[in-house]
Amino acid sequence: MNTDEIVLKIFKTHGQPVKIIDGFKVYETNAFLRPVRYKNKMYLDYELSEMGIRDNSCLVYLGPPNPDLTIDPLNIIVSDSTRSYDIKRADKICIGEDCVYIWAVLSPRVRENEYEYIR
């Protein structure tokens, strides 16, 4: 079993289900979504708005190389069971010529002062 097969097995076994929406294409896969860790270990990034307290915290996405989030990250939406996220930055992690996984920084989609969830 080579490295990329091992990593894909880890995502499939331990990752959470996510949907990746790229235009009219919807991909279902498993990935890791975790809060961004700041130096002072603070995870709270809230702001007061008309709808109450809005969580602006970013997440780190670690997922399989396909679908490729780095091709057009501004037009791709990542959605878990509770929220939808925009991609702020994405990059491939490769060993030699083989892409092993993709990491990305995600931020919650907020439209007209409400969280957006795309199913």
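This text goes with the structure placed above it.
Residues numbered from 1 in each chain as written. Predicted model: local features only at pLDDT ≥ 70, side-chain atom pairs only at ≥ 80, totals over all residues. Heavy atoms only, no water.

Novice: Go over the overall build of the protein with me, naming the residues and quoting the values.
Specialist: Secondary structure summary: the protein contains one helix and ten strands in total. In the protein, the succession of helices and strands from N to C terminus is α-β-β-β-β-β-β-β-β-β-β. Among the 119 residues that make up the protein, the fraction classed as buried is 35%. Within the protein, contacts between residues separated by at least 24 positions form 55% of all contacts whose residues are at least 6 apart in sequence. Surface exposure of the protein reaches about 8,000 Å², of which carbon and sulfur atoms provide 52%. (Helix = DSSP H or I, 4+ residues; strand = E, 2+ residues; numbered from the N terminus. Buried < 20%, exposed > 50% of the residue type's maximum accessible area, 1.4 Å probe, protein only. Contact = heavy atoms within 4.5 Å. Areas by Shrake-Rupley, 256 points an atom, 1.4 Å probe, with all protein chains shown as cover.)

Novice: So, the packing of aromatic side chains: which residues are in play, and what are the values?
Specialist: Considering all chains together, one arrives at one aromatic pair under this definition. Consider the rings of Phe 11 and Phe 32, whose centres lie 5.6 Å apart with planes at 50°: the pair is tilted. Placement of Phe 11 in helix H1 (residues 3-14) and of Phe 32 in strand S2 (residues 25-35) is noted, with a sequence separation of 21 residues between them. Residues Phe 11 and Phe 32 agree in their burial class; the two are buried. (Phe/Tyr/Trp six-rings, centres within 6.5 Å; stacked < 30°, edge-to-face > 60°.)

Novice: Requested: an account of the pattern of salt bridges, with residues and values cited.
Specialist: Counted according to the given criterion, the structure contains two salt bridges. A salt bridge links Asp 68 to Lys 92, with the shortest nitrogen-to-oxygen separation between them at 3.0 Å. Separated by 24 residues along the polypeptide, Asp 68 in the loop between strand S5 (59-63) and strand S6 (76-79) and Lys 92 in strand S7 (residues 84-95) bring together distant segments of the chain. On the basis of relative accessibility, which here comes to 16%, the residue Asp 68 falls in the buried class. (Salt bridge = Lys/Arg side-chain N within 4 Å of Asp/Glu carboxyl O.)

Novice: I'd love a proper account of the sheet that holds S7, names of residues and values included.
Specialist: Hydrogen bonds between backbone groups are what pair the strands of a sheet, and the pairing can be parallel or antiparallel. Spatial ordering of the closed barrel is given by S1-S2-S5-S8-S7-S6, a layout of six strands whose pairing is antiparallel. Strand-to-strand twist in this sheet, taken as the mean axis angle between neighbours without regard to direction, amounts to 45°. In this structure, S7 lies alongside strand S8 (residues 98-108), joined through ten bridges in antiparallel fashion. Looking at S8, one finds that Tyr 85 is bridged to Pro 108. (Pairing = 2+ DSSP bridges. Axes fitted to C-alpha atoms, helices over the stretch in contact; angles between N-to-C directions.)

Novice: Can you tell me about the environment of Leu 8, naming the residues and giving the values?
Specialist: Its place among the elements puts Leu 8 in helix H1. Residues Leu 8 and Tyr 101, 93 residues apart in the sequence, show an inter-C-alpha distance of 8.2 Å. Setting aside residues no more than four positions away along its own chain, Leu 8 makes contact with Pro 64 and Pro 65.

Novice: Describe the pairing of S8, with residues and values.
Specialist: Strand direction decides the pairing type here: S5 and S8, joined by five bridges, are antiparallel. Within S8, the residue paired with Tyr 61 across the bridge is Ala 104. Between S7 and S8, which pair antiparallel in sequence order, lie two residues; one of them, Gly 96, sits at a positive phi of approximately 65°.

Novice: Talk me through unusual backbone geometry; I want residue IDs and the actual numbers.
Specialist: As a rule of thumb, non-glycine residues mostly have phi less than zero, and peptide bonds are mostly trans rather than cis. Omega for the peptide link from Asn 66 to Pro 67 comes to 5°, which places this bond in the cis form. Mapped onto the fold, Pro 67 is located in the loop between S5 and S6.

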